[in-house]
Amino acid sequence: MDILKIVLIGMTGGMLSLFLKEYRREYAVLVGLAAAAAVLGYSAERIVSVTESIRYITEKSGVDIKYFTIVLKVVGAAYITQFGGELLRDCGEGAVASKVELAGKIFILYLTIPVITSFLNVCIEAVNRI
């Protein structure tokens, strides 16, 4: 199973990093980053198949593709922001991690403006019909 490989890579990298922390902290950070990159790279293969599946469902349902794209961007931004924040915390940079997470939330709000606008337009049209 692929998830077992991913977990084993993460656990191995985490244990190596923990072991190296006692002797060379800078190497421990590099090992942790390498393990995180390996896990992310291995998981990236699945992103393509998920994207294609969702795109197929979207086309069959008749939903506008722009909403699908926005949802993917929001999910991607959330994952990347969380990943970056956790890496920064692992490096001892909690204050920077908080700012990165705040910036991610602002970016997600920015991405959702077209959806919010469309929703408000639908509400306005519904009220005008009454």
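Because the structure is predicted, anything quoted here is derived from the model rather than measured. (Residues numbered from 1 in each chain as written. Predicted model: local features only at pLDDT ≥ 70, side-chain atom pairs only at ≥ 80, totals over all residues. Heavy atoms only, no water.)

Our focus in this paragraph is the confidence of the model for the chain. Should pLDDT be low for a region, the predicted coordinates there are not to be read in detail. Of all residues in the chain, 99% attain a pLDDT of 70 or more, and the chain-wide mean is 86. Ranking the helices and strands of the chain by mean pLDDT puts helix α4 (residues 94-111) first, with 94, and helix α2 (residues 25-61) last, with 83. (pLDDT = per-residue confidence, 0-100. Helix = DSSP H or I, 4+ residues; strand = E, 2+ residues; numbered from the N terminus.)

Summarizing the sequence annotation, UniProt attributes the feature "transmembrane region" (unreviewed entry) to residues 27-44, 65-82 and 102-124 in the numbering used throughout. Between the end C-alpha atoms of residues 65-82 there is a gap of 26 Å, over a span that is 100% helix and 0% strand. Helix makes up 96% of residues 102-124 and strand 0%, with an end-to-end C-alpha separation of 31 Å. (UniProt positions renumbered as here; feature names shortened; annotations may be inferred.)

Any two side chains of opposite charge can pair, given that their charged atoms come close. Here the structure, examined in full by the defined rule, presents 3 salt bridges. One salt bridge in this structure joins R89 and E101, with 2.9 Å as the shortest N-O distance. Of the two residues, R89 sits in helix α3 (residues 65-90) while E101 sits in helix α4, which places them 12 residues apart along the sequence. R89 gets classed as partly exposed once you look at its relative accessible area, which sits at 39%. A residue is classified by how much of its surface remains accessible, and E101, at 22% relative accessible area, is partly exposed. (Salt bridge = Lys/Arg side-chain N within 4 Å of Asp/Glu carboxyl O. Buried < 20%, exposed > 50% of the residue type's maximum accessible area, 1.4 Å probe, protein only.)

Attention now goes to the packing of aromatic side chains. Note on aromatic pairs: each is described by the distance of the centres and the angle between the planes. Applying the stated rule across the entire model yields 2 aromatic pairs. On the basis of an interplanar angle of 35° and a centroid distance of 6.2 Å, the ring pair of F107 and Y110 is categorised as tilted. Residue F107 and its partner Y110 are both found in helix α4; the two are separated by 3 residues, about one turn of the helix. (Phe/Tyr/Trp six-rings, centres within 6.5 Å; stacked < 30°, edge-to-face > 60°.)

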